[in-house]
Structure formats: C-alpha cells, structure tokens
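One letter stands for each residue in the lines below.
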Amino acid sequence: MGTEGSTVLSPLWRGFPAIDSSAVSHSASCALPPRFEAVRNARKFTRSTLHQWDLGGLFEDVALVVSELVTNSMRYAVPAELIGTEYEPSVRLHLMRWTTRLVCAVRDPSEASPVSGEAAAGDECGRGLFLVESFSDAWGWHPLAGALHGKVVWALFRLPRD
C-alpha cells in the first residue's frame, strides 16, 4: 500500500469495518530522543506495552515494523549532527489499540514523505518500507497540521479474533 500526499489517511481504514476513531481502547506513547539507542528503546517500549495489552504474541512483527519506522525517522528526519543530543522535537512513538486493530505511528520533525528504496541483493539499506508493507496490514503517512511541523508514518495491524 503506497502513500500519495493528501490521500494517505484513507488507506488506513479502507477494507476495514468503520469504527469511531475517537474510541481508542488503549494508547501509549514515548519520546525517542535522537540517540543511537532509540530503536532499542522503542522495541522495549513496544514489548512492554503489547504485554500489558495481552498482545505479546504480536511482538515480533510489530517490533520489526516499529524498528524500521524509528530507524527511518532517526536516519532521515533528524539532522545527523544532532544525533546524541537533546534535540527537540524528538521522534515520538505512538501505539493505539482498538478491539480489532493496532496502529503504530511514529511522529518526526521532517515534512518530507517517506520514500521506498530499491535495494540490490547485497545492499544493507533500502528495504525498510518494503518490510513495513510486508509485515503490517496497511501503512501510510500524513503531514502534521497547524503549529506542529513534521509528519506521522503509521502502520496498521489487524488483531486476531479471540
């Protein structure tokens, strides 16, 4: 599922039964200052949150997606010379759970759209958004409005039925 500017939010719910977007049953977020341990901290936060929500079985897929989204934000949204500092605004990870779905969203200070790379067989970079697309049920992004600057990149997971 690609992303195309102002239409990026419509894919979030396409193909899913309508729900009241204000009816989040659980949500959690954490700030991720631009340090090298940000991805590790995001994974730890995700593990803890999913276990609190009795969704520990989803950890591997969700953590992979969270890792890719946070890595992209740190790599492309935060100026390299600010890694290891207390630069604000920091990257922020949001986890939101409804009855039938989970959304992972990463907010960062860049207004540039995410770009899928094309990696050759031996390349170490260029597969992040492909992995996000492969492991989640949908993904997209949208620019922040108003006084906030930056964007949110999100990935949606359907939750297993009990």
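The residue numbers shown here count from 1 along each chain, following its written sequence. It should be noted that, the model being predicted, local features are given only for residues of pLDDT at least 70 and side-chain atom pairs only at 80 or more, the latter also being counted only at that level, while totals for whole chains, interfaces and linings use all residues. By convention in this description, side-chain values take in all heavy atoms of the structure and omit both hydrogens and water.

Novice: Which parts of the structure should I look at to understand the sheet that holds strand β5 (residues 151-158)?
Specialist: Note: strands within a sheet are paired through backbone hydrogen bonds, in either parallel or antiparallel orientation. Strand order across the open sheet formed by five strands is β1-β2-β3-β5-β4, with antiparallel pairing between neighbours. In this open sheet, the two strands that pair with only one neighbour each are β1 (26-32) and β4 (138-143). The average undirected angle you get between the axes of adjacent strands in this sheet is 15°. Bridge count for strand β2 (residues 91-97) against strand β3 (residues 101-108) is six bridges, and the pairing is antiparallel. Strands are labelled as partners when DSSP assigns at least two bridges between them. Helix and strand definitions here come from DSSP, where helices need a minimum of 4 consecutive H or I residues and strands a minimum of 2 consecutive E residues; each element is numbered from the N-terminal end. Where helices are involved, their axes are fitted lines through C-alpha atoms of the stretch in contact, as for all axes, and angles between N-to-C directions lie from 0 to 180°.

Novice: Any chance you could explain the side chain of Lys151 here in plain terms?
Specialist: Note on placement: Lys151 falls in strand β5. Burial classification: accessible surface area is computed with a 1.4 Å probe over protein chains only, and a residue below 20% of its type maximum counts as buried, one above 50% as exposed, and the rest as partly exposed. Lys151 sits in the buried class, given a relative accessible area of 6%. In the analysis that follows, any N or O atom pair within 3.5 Å is treated as a polar contact, provided that within protein one partner can donate a hydrogen and the other can accept it, and provided that, for residues neighboring in sequence, both atoms belong to side chains. There is a polar contact of 3.2 Å between the side chain of Lys151 and the backbone oxygen of Ala112. With residues up to four places along the chain from it excluded, the contact list for Lys151 reads Ala77, Val106, Arg107, Asp108, Ser110, Ala112, Pro114, Trp141, His142, Pro143 and Leu144. Only heavy atoms matter for contacts: two residues are in contact if any of them lie within 4.5 Å across the pair.

Novice: I'm lost on the packing of helix α3 (residues 59-77) against helix α4 (residues 128-135) in this one. Help?
Specialist: Relative placement of two packed helices is described by the angle separating their axes and the distance separating the axes. Here α3 crosses α4 at 150°, and the two axes come no closer than 9 Å. For the element pair α3 / α4, the angle class is roughly antiparallel. Once α3 is placed against α4, the crossing between them reads as left-handed. Along the contact surface, α3 presents Asp61, Leu64, Val65, Glu68, Leu69 and Asn72, while α4 presents Gly128, Leu129, Leu131, Val132 and Phe135. A per-class count over the contact of α3 with α4 returns seven nonpolar, two polar and two charged. By the definition adopted for this analysis, an angle is roughly parallel if under 35 degrees, roughly antiparallel if over 145, roughly perpendicular if from 65 to 115, and oblique otherwise. Two helices crossing with the near one rotated counterclockwise from the far one by less than a right angle form a left-handed crossing, whereas a clockwise rotation gives a right-handed crossing. Charged residues are taken to be Asp, Glu, Lys and Arg, nonpolar residues to be Ala, Val, Leu, Ile, Met, Phe, Trp, Tyr, Cys and Pro, and polar residues to be all remaining types, Gly included.

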